[in-house]
Amino acid sequence: MRNKRQSAEKLMQRIFFSIAGASIAILFLIMVFLFMEGLPIFGVVSVGDFLFGHYWYPTSDPPDFGIFPLIIASVSVTALSSVFAIPLGVMTAIYLAELASKRVAEIVKPTVELLAALPSVVIGFFGMVVVAPFLQDVFDIPTGLNLFNSALMLAFMSIPTICSLSEDAIYSVSPGLKEGSLALGATRWETILRVILPASISGISTAVILGMSRAIGETMVVLMVAGGAGMIPESIFSPVRPLPASIAAEMAEAPFRGDHYYALFAIGIVLFVFTLLFNLVADFIAHKYRQVGEASL
Amino acid sequence: MSPKPKMTSSNLDFYYGDFQALQDVNLEFHERQVTALIGPSGCGKSTYIRCLNRMNDLIPISRVEGRILLDDEDIYEPSLDVVMLRRRVGMVFQKPNPFPKSIFENTAYGLRVNGVKDKGFIQNRVEESLKRAALWDEVKDRLDDTALGLSGGQQQRLCIARALAVEPEVLLMDEPASALDPIATQKIEELIHELKELYTIIIVTHSMQQAARVSDMTAFFYMGKLIEFGDTDTMFTRPKLKQTEDYITGRFG
Ligand SMILES: Nc1ncnc2c1ncn2[C@@H]1O[C@H](COP(=O)(O)OP(=O)(O)OP(=O)(O)O)[C@@H](O)[C@H]1O
Ligand SMILES: [Mg+2]
């Protein structure tokens, strides 16, 4: 009897172990593939020239494989989009968790979350046909498909992530803390600023970083609205070509296992490193500010 | 007994949704007196004490009927400034709830939100409050450490210090000694004796001995009703009702 139970338990453990192992193995295989297909480019250009070269002309003769303009494009689009998305997302979260009446929150919260359900191609389409002409008119610029437009669209995409995760973090602050603050004669605002936000800062930071990592990896939207110029932007209204957009736009035309093909995979590696960094930072913050002690529940 | 009570509740009813947690509670609290609220778990002591600084406002389904006066002012009057009320009526909660801040900042919190800027003043008041709450010796070398690293009993004393730092007129204490060892408990009881010269104190306690030691008046609650209220000495030696006597002597079913 006892033996049977033990072996059944061992079997279950093995099954779960192999399932967990399988997803890790797949991830590992994808990484191996990514590096195998990307690293050969460094036989053609040095890492330094690849990362910091100012010209991306992969199809001219001789080709230029400098992705600096693409990196700048991705970084600036992501940075500008977080300028829109962080205040809006976090403030909406505060409003939902602390200020809104139950009825309002019940309507607003699902609506914000629905924004996350919008396919990115729809957001890109909206950016192309509605926002771009509008920007062109209002700011009198040659094209509405630019850094600003894509930052705006990416903000739309990261707000639900930022808002929803921040709201959970704020909501899970123990009501005892809030009461403790109010009982000392703090106003609602003082309580939010001095107690609730500091107590949920790790969750909010994680939310922000995950939102941003979603923005930096997003492909369809930037492909549609960023304008596609592989140059270092001069203003927020310059057309740009972020990293994922380059891969998506050029992969089909790049000859299999040619230099261009390798270069695109190397861009994939750079992108992977970016998102990995974001996630590591998010983890680090979550651990650093994690509260200790029973009163922190 | 001084003629005019500091706080009065008259015909107080309290509901959590459909559930009536308090029924027609009439009580008076006088300056320079300690009133103990006793009664079995779930009888409404916390609910009652939380009505006195309108802490129950935070519970959306709750409803209050009747009146509570603080110096002749109805605290449930719509025009009343709740923030001001809570500055005057301080509270120590049943569960310790220190902020995720340093020990110093926890104690200084009430002063800061009350707009006190003077550093020296804050420093002095923090030290004085921690001393009064019998915590100073244990934390004086680590005031900048997080309060969440303190033990449960230390956290509770920190919460007492935090409430004292703003010098409220009325101090509500919901089982302040439940997480304390006998020595800290004794210190808190001494503190209550000392504070009563200045404040009106209302304390919830499960310990009959504690009620007998610290309070001048005792109120016995049972199932949301005030059963008996009177002089602590009389209540503990010659209670009017059998129910009170049974509870005090521990024969309660
Ligand atoms: N937030 C709430 N929502 C609904 N019912 C509540 C709530 N808080 C308390 N109650 C109910 O109100 C009654 C009184 O609770 P209260 O916390 O005032 O009791 P207490 O006398 O303080 O008990 P204890 O000695 O265990 O602290 C209980 O029946 C409890 O279940
Ligand atoms: Mg209680």
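The structure under discussion appears in the preceding block.
So, how was this worked out
- Residues numbered from 1 in each chain as written.
- Chains lettered and ligands numbered in written order.
- Predicted model: local features only at pLDDT ≥ 70, side-chain atom pairs only at ≥ 80, totals over all residues.
- Heavy atoms only, no water.
- Disulfide = S-S within 2.5 Å.
- Buried < 20%, exposed > 50% of the residue type's maximum accessible area, 1.4 Å probe, protein only.
- Contact = heavy atoms within 4.5 Å.
- Salt bridge = Lys/Arg side-chain N within 4 Å of Asp/Glu carboxyl O.
- Polar contact = N/O pair within 3.5 Å; in protein donor to acceptor, adjacent residues only side chain to side chain.
- Helix = DSSP H or I, 4+ residues; strand = E, 2+ residues; numbered from the N terminus.
- Nonpolar A, V, L, I, M, F, W, Y, C, P; charged D, E, K, R; others polar.
- Donors = N, O, S within 2.8 Å, 3.2 Å for Na, K, Ca; no water.
- Bend = angle between axes of the 7 residues up to and from the residue.

Draft legend 1. Representation of the state of the cysteines in the model. All names here are of chain B. Here the structure, examined in full by the defined rule, presents zero disulfides over all chains. As a non-bridged cysteine, C43 has C51 as the owner of its nearest cysteine sulfur, 13 Å distant. With relative accessibility at 0%, the residue C51 sits in the buried group.

Draft legend 2. Molecular detail of the interface of chain A and chain B. The interface is formed by 22 residues belonging to chain A together with 28 residues belonging to chain B. In this structure, the connection of chain A to chain B is made through one salt bridge. The salt bridge partner of E179 of chain A is R50 of chain B, with a shortest N-O separation of 3.0 Å. Linking chain A with chain B are five residue pairs in polar contact (both at pLDDT 80 or more). When residues of the side of chain A that touches chain B are traced back to their parent elements, those giving at least two are α7 (175-183) and α8 (188-199) of chain A. With seven residues, α7 of chain A is the largest single contributor of residues to the side of chain A that touches chain B. Among the residues making up the side of chain A that touches chain B, the classes are represented as nine nonpolar, nine polar and four charged.

Draft legend 3. Main features of the coordination of the magnesium ion (ligand 2). On the protein side, the magnesium ion (ligand 2) has S46 of chain B (OG) and Q94 of chain B (OE1) as donor atoms, found 1.9 to 2.3 Å from it. On the criterion of sequence distance, the pair formed by S46 of chain B in helix α1 (residues 45-51) and Q94 of chain B in the loop between β6 (89-92) and α3 (103-113) is long-range, its members being 48 residues apart.

Draft legend 4. Spatial organisation of helix α5 (residues 120-139) of chain A. Residue and element names in this part refer to chain A. The axis of α5 is deflected most strongly, by about 40°, at V131, and proline P133 appears within four residues downstream. The complete set of buried residues in α5 reads S120, I123, G124, G127, V131, A132 and L135. Residues of α5 that are buried make contact with α6 (147-171) and α10 (220-225). Positive backbone phi, approximately 55°, marks D140, located one or two places after α5.

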